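Survey of secondary and tertiary structure
Each chain, letter by letter, is given below.
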Amino acid sequence: MSTATKGGDGKFRILGIETSCDETAAAIVADGADVVSSVVSSQVDLHARFGGVVPEIASRAHVELLTPVVARCLVEAGLEGNQLDAVAATVGPGLAGALLVGVSTAKALSLVWGVPFVAVNHMEAHLYACFLEDPALEPPLLVLLVSGGHTMLVAMDGHGQYRLIGTTVDDAVGEAFDKVARFLGLGYPGGPAIDRLAIVGDPDAVPLPRPMPAGFDFSLSGLKTAVIRYVKAHPDVATADVAASFQKAAVEMLVDKARRAAAETGAKTLCLGGGVAANSLLRERILDVCEEDGLQAFLPSREMCTDNAAMVAAAAWWRYRSDGPSPLDIGVDPNLRLA
Ligand code: KG4
Ligand code: ZN
């Protein structure tokens, strides 16, 4: 594959496109590891006044933003489209209309440039952010994938081989951060707001439950409801104390399960992925327990945790190597599963 690349230097360059939610992103990655350029245009200002992502607004904004984002990505890379070797896009999971914008654009560009199209699973892309930043990383791994839509513990036995060890039975953890932040009047997106405010709060000020469903599943909605009940009963409580206490409880639930899953599955390496993996306390606690338990920890940089297209291009490289091009009649799948 590498000898006949369009750039003529043996490097296989993939343009990745990400439009599954409220970030419009494009990136060019060489050989699944070198980020040549990466552009992320956040729509957060458009959605903030509604307190969350409005799907129709997201789709329309992707339509307006994607062409300039791709153009800027090419300019920053100093490349023409016909010097690329493949075009990839997230086909799911995510918002149907938002996904369609990225997938249609990627297919059109692949036809115009005469290069393969590669369909990418958004959660697999979050996982491949780890490989992008540490090419020495090798499966088997245990991965904690935590985002606005998902909370999963996944055993990665090999490239493209996943086993779901645990998942949320109700809210995703990012969703719980966003809902609690909204209730506390901290705006959208809630995760970074809670992370920032928690620094000045007392994490032991508010007594909160840590619901633990059987096995390695998670439950976040009881914690969210407990926060709301407590604040309604104690209207004078300091918001920073609530933020810190909620964050501590949520992180403890995640870390406790991940740690036990690592012990039970015999995992030697624990990776984090997804937007919530940018959380300061989660990162700190994962590093602590991995050190205590003799596990290797891998945490992508914060900007690689939240939605971006470099992770899409990296995942596409591995997918393309194993499966080849995706058919052009492949559709979007808002509920696409990883395992
Ligand atoms: O992966 P992502 O960018 O988009 C999805 O695939 O959902 O994750 C977004 C989620 C949001 O719920 C956001 O509040 C949360 O990640 N998030 C955080 C932090 N940064 C983003 N949650 C906690 N602490 C953070 N620092
Ligand atoms: Zn994501």
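Here the structure is a predicted model, which means the values were calculated and not measured.

Another point: the coordination of the zinc ion (ligand 2). For the zinc ion (ligand 2), every protein donor is listed as His 122 (NE2), His 126 (NE2) and Asp 307 (OD), and the spread of their distances is 2.0 to 2.1 Å. Along the chain, the residues donating to the zinc ion (ligand 2) are arranged with the sequence spacing H-x3-H-x180-D. Of this pair, His 126 sits in helix α4 (residues 122-133) while Asp 307 sits in the loop between α10 (302-305) and α11 (310-323), and the two are 181 residues apart along the sequence. The exposure class of His 126 is buried, given its relative accessible area of 1%. Relative accessible area serves as the criterion here: at 15%, Asp 307 is assigned to the buried category.

In this structure the tally under the stated criterion is 16 salt bridges. Arg 60 serves as the salt-bridge partner of Glu 56, at 2.9 Å between the closest nitrogen and oxygen. Taken as a pair, Glu 56 and Arg 60 lie in helix α2 (residues 55-77) at a separation of 4 residues, close to a single helical turn. By relative accessible area, Arg 60 is classed as exposed at 55%. Between Glu 292 and Arg 259 there is a salt bridge, and its shortest N-O distance comes to 2.7 Å. Remark: Arg 259 occurs in helix α8 (residues 239-265) and Glu 292 occurs in helix α9 (residues 280-293); sequence separation between them is 33 residues. According to the relative accessible area criterion, Glu 292 is exposed, its value standing at 56%. Arg 259 gets classed as partly exposed once you look at its relative accessible area, which sits at 27%. What emerges from the salt-bridge pattern is a single network uniting Asp 171, Glu 175, Lys 179 and Lys 224.

Turning to the site of ligand 1, a few remarks are in order. Lining the immediate environment of ligand 1, one finds 18 residues, of which His 126, Gly 148, Asp 178, Gly 191 and Asp 195 sit closest. Residue His 126 places a side-chain N or O atom 2.9 Å away from an oxygen atom belonging to ligand 1. Between ligand 1 and Asn 279 there is a distance of 3.0 Å, counted from a nitrogen atom to a side-chain nitrogen or oxygen. Starting from 550 Å² of accessible surface for ligand 1 in isolation, the protein chains cover 89%. Cavity membership is defined here by more than half of the atoms lying within 2 Å of grid points; on that basis ligand 1 lies in the largest pocket. Mapped by element, the contributors of at least two residues to the shell around ligand 1 are α4, α5 (173-183) and α6 (190-198). For the shell around ligand 1, the residue count by class is 4 nonpolar, 11 polar and 3 charged. Both of domain 1 (13-128 + 307-323) and domain 2 (137-304) provide at least three residues apiece to the shell around ligand 1.

In this section: the domain arrangement of the protein chain. The parts lose accessible area when they come together, and the size of an interface is often stated as this lost area. Along its sequence, the protein chain is organised into domain 1 (13-128 + 307-323) and domain 2 (137-304). Contacts between domain 1 and domain 2 engage 18 residues on the former and 17 residues on the latter. Taken together, both faces of the contact between domain 1 and domain 2 bury some 1400 Å²; the carbon and sulfur share is 66%. Area buried by domain 1 at its contact with domain 2 is led by Met 123, His 126 and Leu 127, which between them contribute 39% of it. In this assembly, domain 1 and domain 2 are joined by 0 salt bridges. Linking domain 1 with domain 2 are 4 residue pairs in polar contact (both at pLDDT 80 or more).

As a volume, the largest pocket reaches approximately 1000 Å³. Lining of the largest pocket is provided by 37 residues; of these, Ser 147, Gly 148, Asp 178, Tyr 188 and Pro 189 occupy positions nearest its centre. Elements supplying a minimum of two residues to the lining of the largest pocket: α4, α5 and α6. With 6 residues, the top contributor of residues to the lining of the largest pocket is α5.

In this section: α6. Along α6, the residues that are buried comprise Gly 190, Gly 191, Ala 193, Ile 194, Asp 195 and Ala 198. Summarising the contacts, the buried residues of α6 are in contact with α5, α8, α9 and α10.

Before going further, it helps to spend a moment on the sheet that holds strand β7 (residues 151-158). Backbone-to-backbone hydrogen bonds join strands into a sheet, with any given pair of strands oriented parallel or antiparallel. Spatially, 5 strands are ordered β8-β7-β6-β9-β10 in an open sheet, and the strand pairing comes out mixed. Both outer strands of the open sheet, β8 (161-167) and β10 (296-298), are each paired with one neighbouring strand and no more. Strand-to-strand twist across the sheet, computed as the mean angle between neighbouring axes with direction ignored, equals 25°. In terms of strand pairing, β7 meets β8 through 6 bridges, oriented antiparallel. By the bridge assignment for β8, Val 154 is matched with Leu 164. Packing against the sheet, α8 makes contact with β6 (141-146), β7, β8 and β9 (269-273), and its axis sits at approximately 160° to β6. On the sheet, α9 packs against β6, β9 and β10 and is oriented at approximately 175° with respect to β9.

Conventions and cut-offs
- Residues numbered from 1 in each chain as written.
- Chains lettered and ligands numbered in written order.
- Predicted model: local features only at pLDDT ≥ 70, side-chain atom pairs only at ≥ 80, totals over all residues.
- Heavy atoms only, no water.
- Donors = N, O, S within 2.8 Å, 3.2 Å for Na, K, Ca; no water.
- Helix = DSSP H or I, 4+ residues; strand = E, 2+ residues; numbered from the N terminus.
- Buried < 20%, exposed > 50% of the residue type's maximum accessible area, 1.4 Å probe, protein only.
- Salt bridge = Lys/Arg side-chain N within 4 Å of Asp/Glu carboxyl O.
- Near = heavy atom within 4 Å.
- Polar contact = N/O pair within 3.5 Å; in protein donor to acceptor, adjacent residues only side chain to side chain.
- Areas by Shrake-Rupley, 256 points an atom, 1.4 Å probe, with all protein chains shown as cover.
- 1 Å grid on protein atoms, 1.4 Å probe; cavity = no way out; pocket = protein on both sides within 12 Å on 5 of 7 lines; lining within 4 Å.
- Sits in = over half its atoms within 2 Å of the grid points.
- Nonpolar A, V, L, I, M, F, W, Y, C, P; charged D, E, K, R; others polar.
- Domains from an automatic or database assignment.
- Contact = heavy atoms within 4.5 Å.
- Buried area = accessible area lost by both parts, 1.4 Å probe.
- Points joined across faces, edges and corners; volume = space filled by probe spheres on them.
- Pairing = 2+ DSSP bridges.
- Axes fitted to C-alpha atoms, helices over the stretch in contact; angles between N-to-C directions.

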